[in-house]
Amino acid sequence: MFSADDERFMRRAIALAEQGERDPGGSPIGCVIVLDGEIVGEGYNLTHENHDPTAHGEVVAMRRAGEAIGNWEMRGATLYSTPCGMCSMASIWAKIGRIVYGAERHQVHKLYFEDRHLSTADYIRDAFRQDITMEGGLLAEECARLYYGPHDNPPAEEQANL
């Protein structure tokens, strides 16, 4: 299902997530966008640093990829991360062709998915596009370790989504 290149690019996204977590006010979300076998954009959450609620790792990577390729359309690109609803919609609009993510919903605390009966997979399935695919579970355990687990008790100030 996943290739050695998929694993290599996901490991880069994990490294970016770890870097983001070390930054003051940061969080462990990293993203890599690959087109034709090359990284064209990467990033991690900069929401606090940039005072920008849309500066999720995926959006930061999309902005950088757009600059690198000189186009907002990223047809044929693969996004490596664990995208939220906003980033899934941005991926649809950017015409990303494939999303590869790590941790599954059941492996992390509900705060990461807003504890609703919504799924980013639903956004992708209902995207009015037939040329986008989503594959999950790549390095799932390693990705899940970046986040609070399903039975952890995170501090209330970190549970903004609930």
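Structure's up top.
What counts and what doesn't
- Residues numbered from 1 in each chain as written.
- Predicted model: local features only at pLDDT ≥ 70, side-chain atom pairs only at ≥ 80, totals over all residues.
- Heavy atoms only, no water.
- Core = buried A, V, L, I, M, F, W, Y, C linked by side-chain atoms within 4.5 Å.
- Buried < 20%, exposed > 50% of the residue type's maximum accessible area, 1.4 Å probe, protein only.
- Helix = DSSP H or I, 4+ residues; strand = E, 2+ residues; numbered from the N terminus.
- Contact = heavy atoms within 4.5 Å.
- Salt bridge = Lys/Arg side-chain N within 4 Å of Asp/Glu carboxyl O.
- Pairing = 2+ DSSP bridges.
- Axes fitted to C-alpha atoms, helices over the stretch in contact; angles between N-to-C directions.

Trainee: Teacher, can you tell me more about the nonpolar core here?
Mentor: Counting 23 residues, the largest nonpolar core has Met-10, Ile-14, Val-32, Tyr-80, Ala-103 and Tyr-147 as the members making the most contacts within it. Among the elements of the structure, α1 (4–22), β1 (30–35) and α6 (140–144) are those that each provide at least two residues to this core. When residues no more than four places from it in sequence are discounted, the contact partners of Ile-14 are Leu-139, Glu-142, Cys-143 and Leu-146. The next biggest cluster of nonpolar side chains, apart from the first, holds 19 residues, and it includes Leu-35, Val-40, Leu-79 and Ala-90.

Trainee: Is there a simple way to explain the pattern of salt bridges in this structure?
Mentor: A side chain of one charge can pair with a side chain of the opposite charge when the charged atoms of the two come close. Per the stated rule, a full pass over the model turns up 9 salt bridges. Here Arg-75 ties to Glu-73 by a salt bridge, and the two come within 3.4 Å at their closest N and O atoms. Using a relative accessible area of 47% as the deciding quantity, one classes Arg-75 as partly exposed. Between Asp-131 and Arg-75 there is a salt bridge, with its nearest N and O atoms 3.2 Å apart. Of the two residues, Asp-131 is situated in the loop between α5 (120–125) and β5 (133–136) and Arg-75 in the loop between α3 (57–69) and β3 (78–80); the sequence distance between them amounts to 56 residues. On the basis of relative accessibility, which here comes to 39%, the residue Asp-131 falls in the partly exposed class. Here the salt bridges share partners, and the residues they tie into one network are Asp-6, Arg-98 and Glu-135.

Trainee: Sorry, what's going on with the sheet that holds β5 here?
Mentor: Strand-to-strand pairing in sheets goes through backbone hydrogen bonds, with the strands running parallel or antiparallel. Sheet architecture is open: 5 strands sit in the order β2-β1-β3-β4-β5, paired in mixed fashion. Because the sheet does not close on itself, it has two edges, and the strands there are β2 (38–44) and β5. Adjacent strand axes in the sheet meet at a mean angle of 15° when their direction is disregarded. In the packing of α1 onto the sheet, the strands contacted are β1, β2, β3 and β4 (98–101), and the crossing angle to β1 comes to about 145°. Where α3 meets the sheet, it contacts β1, β2 and β3, and its direction lies at approximately 145° from that of β2.

Trainee: Teacher, can you tell me more about the environment of Ala-140 here?
Mentor: Structurally, Ala-140 can be placed in helix α6. Taking the C-alpha atoms as reference points, Ala-140 and Glu-104, 36 residues apart in sequence, are found 6.8 Å from one another. Sequence-distant contacts of Ala-140, defined by excluding residues within four places in its chain, comprise Gly-102, Ala-103 and Gln-107.

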